[in-house]
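# Summary of the model geometry
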Amino acid sequence: MHSLLKTLEARGELRRVAKPVDPQHQLAAVTRAVQRAGGEAVLFENVQGSSLPVVSNIFGSHQRLCDMIGTGEQTFCQRWIALTEACIAAPPGSFTRPATEAEASGFISGKLSDLPAITWHGRDGGPYFTSAIFLANDPETGVANLSFHRSQQISDQELRVRLGGTHDLARYQRAAEEKGEALEAALILSAPPEIFLSACASLPYEASELAMAAQIRGEPLAMRKCVTLDLEVPASADIVVEGRFLPHERRPEGPFGEFMGNYVEIGPNHVFEVTHVSYRPDAVLHGLLCGSPEDLRPLEAVTAARVYRAVSAAVPGVVDVSCRPNVMISIIKIRKAYEGHAQHVFLAALASHLDYNKVVIVVDEDVDIHDLDDVMWAYLTRGRADTRAMILNDIPGFYRDPKKDHWGRLCIDATMPWGREAEFARKSIPGQDGIDLKDWLA
């Protein structure tokens, strides 16, 4: 984490807060203000109630995500797909190695209350670990999985965790519970970019996110043994909480302000019994404001890559995909080649991710798909509003949606009418891209 913070600071992408900050709401409020002002990462050096600093908004910039995975001349989608394919092809055992003594030593044994206890939103049921990456092994195959799950801090001995029903970790937990057994897991709270981004990945069930992390890093991951569990964790993780999910035990968790911008109310969720806490003396806790750019940009980027992969395999001429400003939308840029091209893209996109494609918009290759203003300009100026929009009723959407608020689909063709492209060519000002305002403004 310190290496990443040095890189961000050298690039002018890290803000520091030296004055004391209250972890109950105030830290979140300052984080939101920094995000609105410019989007840099923010390091809170003096968090009341803990000796550990907190950093937030590390992953809140799409360009930073591109830098972290080394896109070069590729788009994020293209690079992510290449990494995913290399991950799937990696032989078992080729992506990890035992940590050296220097890499595995130097950790302090502590307790959960040593760590900052951050309450993020006004109605949250208490402090939460919001960047919580759980590492667990498949009880049948031993394959390691990384995944995000919000974790409410109850005491030094207990967390309460929401496990999404479709996640691999939930599947592992059910398998262990059917045998009456607890599921061992390690919670990584301060991870380098390759671990964080790999936990966002959508991989085949039999693949390991650790293999993805090794591909991003460019070398095998150094792994150290847990103190109380039969698990290994990346030695690069600065804070690790060891424990186990108790079988047949559910306790009230919530409310919590989730990524869609509203609260999830109190519900019976899983109990994680803490068995050990370790951290480096100079550890920095990563805290993530749910629903903010840091939460959405990585999810949007990896979802866009999934949509891109599926659509480009089915339909020619797909240039790029964006899922901004919300993961429920897919904006797809194409090199239009025939009448009805956009409609073929609709069909492929809707099938590519049944949870998230609530809205699909197809645009020409001159449109900035990361700018919703430009996307809507294309829809509003390049043809009719009625015949270029298609509503599909009563189609199930987001898996966690008991009241059907995310059912249905909207598809919008914002491309130019076929055969009339010259009529819709953008106007331009010669030389506008070469203007440096420092040469013109006093």
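A brief look at the structure comes next. Quick caveat: nothing in here was measured; it's all calculated off a predicted structure. (Residues numbered from 1 in each chain as written. Predicted model: local features only at pLDDT ≥ 70, side-chain atom pairs only at ≥ 80, totals over all residues. Heavy atoms only, no water.)

### Some thoughts on the packing of helix H4 (residues 76–89) against helix H9 (residues 293–314)
Operational definition: Axis definition: a line fitted to C-alpha atoms, over the contacting stretch in the case of helices. Angles run 0 to 180 degrees between N-to-C directions. By definition, any uninterrupted DSSP run of H or I lasting at least four residues is a helix, any uninterrupted run of E lasting at least two residues is a strand, and each is numbered from the N terminus. Should an angle fall under 35 degrees it is taken as roughly parallel, and over 145 as roughly antiparallel, whereas 65 to 115 is taken as roughly perpendicular and any remaining angle as oblique. Only heavy atoms enter the contact rule, under which two residues are in contact if any of them lie within 4.5 Å. Polar here means any residue outside two lists: the nonpolar Ala, Val, Leu, Ile, Met, Phe, Trp, Tyr, Cys and Pro, and the charged Asp, Glu, Lys and Arg; Gly therefore counts as polar.
Between H4 and H9, the least distance of the axes is 9 Å, while the angle of their chain directions is 80°. On the basis of their axis angle, the class for H4 and H9 is roughly perpendicular. Residues Phe 76, Cys 77, Gln 78, Trp 80, Ile 81, Thr 84 and Glu 85 of H4 form the contact with H9, whose own contacting residues are Ala 301, Val 302, Ala 304, Ala 305, Tyr 308 and Arg 309. For the contact of H4 with H9, the class distribution of residues is nine nonpolar, two polar and two charged.

### As for the nonpolar core
In plain terms, the rule: What makes a nonpolar core is a set of buried Ala, Val, Leu, Ile, Met, Phe, Trp, Tyr and Cys residues whose side-chain atoms join them at distances within 4.5 Å. Each residue is placed in one exposure class: buried if its accessible area under a 1.4 Å probe, protein chains only, is under 20% of its type's maximum, exposed if it is over 50%, and partly exposed if it falls in between.
In this structure, Trp 80 and Ile 332 are the most contacted members of the largest nonpolar core, which totals 117 residues. Considering every element that reaches this core, the biggest residue donor is H9, with seven residues. Residues within four places of Trp 80 in sequence aside, it is in contact with Ile 69, Leu 197, Ala 201, Met 212, Ile 216, Val 302 and Ala 305. In this structure, Ile 331, Ile 361, Val 363 and Val 375 belong to the second largest nonpolar core, which totals eleven residues.

### Let's talk about the sheet that holds strand S20 (residues 329–334)
Sheet strands associate in pairs through backbone hydrogen bonding, adopting either a parallel or an antiparallel arrangement. Rule in force here: We call two strands paired when DSSP finds no fewer than two bridges between them.
An order of S19-S20-S21-S23-S22 is seen for the five strands of this open sheet, with the pairing classed as mixed. Each edge of the sheet is formed by a strand with only one pairing partner; in this case those strands are strand S19 (318–322) and strand S22 (389–392). The average angle at which neighbouring strand axes cross in this sheet is 15°, direction not considered. In terms of strand pairing, strand S21 (residues 359–364) meets strand S23 (residues 409–413) through four bridges, oriented parallel. The residue of S23 that forms the bridge with Ile 361 is Ile 412. Set on the sheet, helix H10 (residues 341–352) makes contact with S20, S21, S22 and S23; between it and S23 the angle comes to about 150°.

### Structural notes on the pattern of salt bridges
Where charged atoms from two side chains of opposite charge approach closely, those side chains can pair. Our working rule: In the sections that follow, a salt bridge refers to a side-chain nitrogen of Lys or Arg positioned within 4 Å of a carboxyl oxygen of Asp or Glu.
Evaluated as defined, the whole model comprises 30 salt bridges. In this structure, Glu 219 and Arg 217 form a salt bridge, with 3.2 Å as the shortest nitrogen-oxygen distance. When its relative accessible area of 40% is taken as the criterion, Glu 219 is described as partly exposed. Exposure remark for Arg 217: the relative accessible area of 43% places this residue in the partly exposed category. One network of salt bridges, with partners in common, ties together Asp 364, Asp 366, Asp 374, Arg 382 and Arg 426.

### Focus: a nonpolar patch on the surface
Where we set the bar: To count toward a patch, a residue needs a relative accessible area over 30% and no salt bridge; like charges are then connected within 9 Å, while nonpolar side chains (Val, Leu, Ile, Met, Phe, Trp, Tyr) are connected within 5 Å. With residues, only the protein chains shown are counted as cover, and all accessible areas are computed by Shrake-Rupley using a 1.4 Å probe.
Together, Ile 435, Leu 437, Trp 440 and Leu 441 give the surface a local cluster of nonpolar side chains, amounting to about 490 Å² of exposed area. Along the chain, the position of Leu 437 falls in the segment after S23. For Leu 437, a relative accessible area of 52% puts it in the exposed group.

### What to know about the pairing of strand S9 (residues 151–155)
Pairing of strand S6 (residues 128–129) with S9 involves two bridges; the strand directions are antiparallel. Paired with Phe 129 across the bridge in S9 is Ser 151. Sheet analysis places S9 next to strand S10 (residues 158–161), joined by four bridges and oriented antiparallel. In the sheet register, Gln 152 faces S10, and the bridge partner there is Arg 160. If you look at the hairpin formed by S9 and S10, you'll find two residues sitting between the two strands.

### Some details on the pairing of strand S2 (residues 41–44)
On any regular strand, side chains alternate: one points to one face of the sheet, the next to the other face. Heads up, the rule is: Classification remark: right-handed applies to a crossover when, strands pointing away from the viewer, the course from the first strand over the helix to the second runs clockwise.
Of the two faces of S2, the one carrying Ala 41 and Leu 43 and the one carrying Val 42 and Phe 44 are both buried. In this sheet, S2 lies alongside strand S1 (residues 14–17) in parallel orientation, the contact comprising four bridges. Bridge pairing links Arg 15 to Val 42 in S2. Regarding the hand of the β-α-β motif, the stretch spanning S1, helix H2 (residues 26–37) and S2 is right-handed. Pairing of S2 with strand S3 (residues 54–56) involves three bridges; the strand directions are antiparallel.

### A short note on the packing of aromatic side chains
Where we set the bar: Stacked, tilted and edge-to-face pairs are distinguished by plane angle, under 30 degrees for stacked and over 60 for edge-to-face with tilted covering the rest, among Phe, Tyr and Trp rings (Trp via its six-membered ring) whose centres lie within 6.5 Å.
Here the structure, examined in full by the defined rule, presents ten aromatic pairs. Plain terms: the ring middles of Phe 134 and Phe 272 are 5.5 Å apart, the flat faces sit at 80° to each other, and that makes the pair edge-to-face. Within this pair, whereas Phe 134 is found in strand S7 (residues 133–137), its partner Phe 272 is found in strand S17 (residues 267–279), the two being separated by 138 residues in sequence. The exposure class of Phe 134 is buried, given its relative accessible area of 0%. On the basis of relative accessible area, Phe 272 is assigned to the buried category, the value being 0%.

### Let's talk about the sheet that holds strand S12 (residues 221–225)
What the three strands build is an open sheet, ordered S4-S12-S13; its pairing is mixed. A single partner strand is all that each edge strand has here, and the edge strands are strand S4 (96–98) and strand S13 (232–234). Here the strands of the sheet are splayed against their neighbours by 45° on average, with no regard to which way each runs. Across three bridges, the pairing between S12 and S13 is antiparallel. If you follow Lys 225 over to S13, its bridge partner there is Glu 232.

### Brief notes about the side chain of Glu 300
Going by this rule: Nitrogen and oxygen atoms within 3.5 Å of one another constitute a polar contact, given that in protein one can donate a hydrogen and the other can accept it, and given that sequence-neighbouring residues count only through two side-chain atoms.
Take Glu 300: it is sitting in helix H9. Looking at Glu 300, its side chain comes within polar contact range of the side chain of Arg 297, at 2.8 Å. Residue contacts for Glu 300: discarding those within four places in its chain leaves Cys 323, Arg 324, Pro 325, Asn 326 and Val 327.

### Things to note about the environment of Ser 292
Mapping Ser 292 onto the fold places it in the loop between strand S18 (285–286) and H9. Along the chain, Ser 292 and Gly 261 lie 31 residues apart, while their C-alpha atoms are 8.8 Å from each other. With residues up to four places along the chain from it excluded, the contact list for Ser 292 reads Arg 32 and Gln 35.

### Digging into the packing of H9 against H10
Selection rule: Crossing handedness: left-handed means the near helix sits turned counterclockwise from the far one by under a right angle, and right-handed means the same turn made clockwise.
Contact geometry of H9 with H10 gives a least axis separation of 9 Å together with a crossing angle of 135°. Put simply, H9 runs oblique to H10. Remark: the crossing between H9 and H10 carries right-handed chirality. Contacts from Arg 306, Val 307, Ala 310, Val 311 and Ala 314 in H9 reach Val 345, Ala 348, Ala 349 and Ser 352 in H10. Tallied by class, residues from the contact of H9 with H10 come to seven nonpolar, one polar and one charged.

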